[in-house]
Amino acid sequence: MTTFHGASVLVTGGSRGIGKAIALRFAALGASRVAIGYFRSDAAAEETAGEIEALGAEPVLVRGNVTSNRVLEQVAELGPLDVLVHNAATGVIRPALDTEDKHWDWTLNANARALLALTRVVAPSMVPGSSIVGISSLGAQRVLENYTLVGTSKAALEALIRYLAVELAPRGIRANCVSGGVVDTGALDHFPNREEMLRFGAGNPAGRLVTPEDMAAAVTFLCSPEAEMIRGQTLIVDGGFSLRA
């Protein structure tokens, strides 16, 4: 099994859901330090930090809006990272004609621009073999109800990853995305058709919903030496959901 012994990892949006599963998997696989970015819930972050510590890694909490200079300053203070996972995401879930420019700015900034800003901070000190991973969703390529802004932001994220993969390759840094199917996390609570989405998502060929742990396993694979020649790709983890016409 691949290990990340001694690695220093940052997972944005790492206190809950998919981000938490990713953070805990890196800790379980031997990372020495796992930093988790989070926005509001100190209680959730502290709970996750306790679980990271129980797995033998040093937890570090990075609190604040991922688009802010304050967070970038905290990230710079972490020192060299071996892995950066941009999982933090937000957005306005409503039809395109009901959105406003401020909704566009908020969604695109958090879900796509923040990764570029974080990369500018961390990439210069990353050693060869390091990885950057963005967490995307099927809405980047497929049209989902009320998902205009988030889907567009995830498409931008995937495009950014492709550019980063090429530009950072001479430094020995890999960049890839993991795109998930329907995952039952708190993020789904913002969808008016949550229950319908859960039923729809569980109807994939695999016959069950994607779990946060499924996503975490894909992330650690992409950050492992076995994925050395995977660059700028989006790995879809959806139980075959997107294969059907």
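Nothing here was measured: the structure is a model prediction, and the numbers come from that model.

Asker: Just to check I follow, could you spell out the overall build of the protein for this structure?
Answerer: Secondary structure assignment for the protein yields 7 helices and 7 strands. For the protein, the sequential pattern of α-helices and β-strands runs β-α-β-α-β-α-β-α-β-α-β-α-α-β. The globule rule puts the C-alpha radius of gyration for 245 residues at 18 Å, and the 17 Å found for the protein is close to it. Counting across all 245 residues of the protein, residues that qualify as buried make up 51%. Once local pairs closer than 6 in sequence are excluded, the contacts in the protein between residues at least 24 apart make up 74%. Total accessible area computed for the protein in this model is approximately 11,500 Å², and 55% of it derives from carbon and sulfur atoms. Across the protein, 21 positive and 25 negative side-chain charges occur, with their mean positions spaced 3 Å apart.

Asker: I would appreciate a short explanation of the pattern of salt bridges in the present structure.
Answerer: Oppositely charged side chains can pair when the atoms bearing their charge come close. Inspection of every chain in the model, using the stated rule, returns 7 salt bridges. Lys102 serves as the salt-bridge partner of Glu100, at 3.9 Å between the closest nitrogen and oxygen. Judged by its relative accessible area of 55%, Lys102 falls in the exposed class. For the salt bridge of Asp214 with Arg208, the shortest nitrogen-to-oxygen distance reads 2.8 Å.

Asker: Please clarify how the nonpolar core should be interpreted in this entry.
Answerer: The nonpolar side chains of a soluble globular protein tend to be buried with one another. Core analysis: the largest hydrophobic core is formed by 32 residues, its most contacted members being Ile22, Phe26, Val34, Val85, Val178 and Val219. Among the elements that line this core, the one with the most residues is helix H1 (residues 17–28), at 7 residues. The contact partners of Ile22, leaving out residues within four places of it in the chain, are Val11, Val85, Ile135, Ala216 and Val219. By size, the runner-up hydrophobic cluster in this structure holds 30 residues, among which are Val71, Met126, Leu164 and Cys177.

Asker: Mind showing me how you'd approach the sheet that holds strand S5 (residues 131–137) here?
Answerer: Sheet strands pair by backbone hydrogen bonding; their relative direction is either parallel or antiparallel. Taken in spatial order, the 7 strands line up as S3-S2-S1-S4-S5-S6-S7 in an open sheet, and their pairing is parallel. The open sheet is flanked by strand S3 (58–63) and strand S7 (234–237), the only strands paired with a single partner. Taken pair by pair, the neighbouring strands of this sheet meet at an average axis angle of 20°, ignoring direction. In terms of strand pairing, strand S4 (residues 83–86) meets S5 through 4 bridges, oriented parallel. Pairing of Val85 across the sheet is with Val133, part of S5. On top of the sheet, helix H5 (residues 148–168) reaches S4, S5, strand S6 (174–180) and S7; it is set at about 160° to S5, its chief contact.

Asker: Any chance you could explain the side chain of Asn111 here in plain terms?
Answerer: Take Asn111: it is sitting in helix H4 (residues 101–122). According to the relative accessible area criterion, Asn111 is buried, its value standing at 0%. A polar atom in the side chain of Asn111 sits 2.8 Å from the backbone oxygen of Thr90. The residues touching Asn111, leaving out its near neighbours within four places in the chain, are His86, Ala88, Ala89, Thr90, Val150, Ser153 and Leu157.

Asker: Got a minute to help me understand the packing of aromatic side chains in this structure?
Answerer: In this description, a pair of aromatic rings is defined by centroid distance and the angle of the planes. Here the structure, examined in full by the defined rule, presents 1 aromatic pair. Here Phe4 and Phe26 contribute two aromatic rings whose centre-to-centre distance is 5.0 Å and whose plane-to-plane angle is 70°, an arrangement assigned as edge-to-face. Here the residue Phe4 occupies a position in the segment before strand S1 (8–12), and Phe26 occupies one in helix H1, the gap between them amounting to 22 residues. A relative accessible area of 7% means that Phe4 is categorised as buried.

Asker: For this particular structure, what's the right way to read the pairing of S5?
Answerer: The side chains of a regular strand alternate between both faces of the sheet. Within S5, 7 of the 7 residues are buried, leaving the element largely enclosed by the surrounding structure. Taken together, S4, H4 and S5 form a β-α-β motif whose crossover is right-handed. Judged from the 7 bridges that link them, S5 and S6 form a sheet pairing that is parallel. Residue pairing across strands places Ser136 opposite Ser179, the latter belonging to S6. Read as a crossover between parallel neighbours, the route from S5 over H5 to S6 is right-handed.

Asker: Before we go on, may I ask you to explain the environment of Leu78 in this structure?
Answerer: You can see Leu78 is positioned in the loop between helix H3 (69–76) and S4. Overall, Leu78 belongs to the buried group, its relative accessible area being 10%. With near-sequence residues (within four places) excluded, Leu78 lies in contact with Leu10, Arg33, Ala35, Val60 and Val62.

Asker: I would appreciate a short explanation of the environment of His103 in the present structure.
Answerer: Mapped onto the secondary structure, His103 falls in helix H4. Assessed through its relative accessible area of 11%, His103 is described here as buried. In this structure the C-alpha to C-alpha distance between His103 and Val92, which are 11 residues apart in sequence, comes to 6.2 Å. In this structure His103 touches Val92, Arg94, Asp98 and Leu149, once residues within four positions along its chain are discounted.

Quick notes on the rules
Residues numbered from 1 in each chain as written. Predicted model: local features only at pLDDT ≥ 70, side-chain atom pairs only at ≥ 80, totals over all residues. Heavy atoms only, no water. Helix = DSSP H or I, 4+ residues; strand = E, 2+ residues; numbered from the N terminus. Rg over C-alpha atoms; globule rule 2.2 N^0.38 Å. Buried < 20%, exposed > 50% of the residue type's maximum accessible area, 1.4 Å probe, protein only. Contact = heavy atoms within 4.5 Å. Areas by Shrake-Rupley, 256 points an atom, 1.4 Å probe, with all protein chains shown as cover. Lys, Arg positive; Asp, Glu negative; His and termini not counted. Charge placed at Lys NZ, Arg CZ, Asp CG, Glu CD. Salt bridge = Lys/Arg side-chain N within 4 Å of Asp/Glu carboxyl O. Core = buried A, V, L, I, M, F, W, Y, C linked by side-chain atoms within 4.5 Å. Pairing = 2+ DSSP bridges. Axes fitted to C-alpha atoms, helices over the stretch in contact; angles between N-to-C directions. Polar contact = N/O pair within 3.5 Å; in protein donor to acceptor, adjacent residues only side chain to side chain. Phe/Tyr/Trp six-rings, centres within 6.5 Å; stacked < 30°, edge-to-face > 60°. Right-handed = clockwise from strand over helix to strand, strands pointing away.

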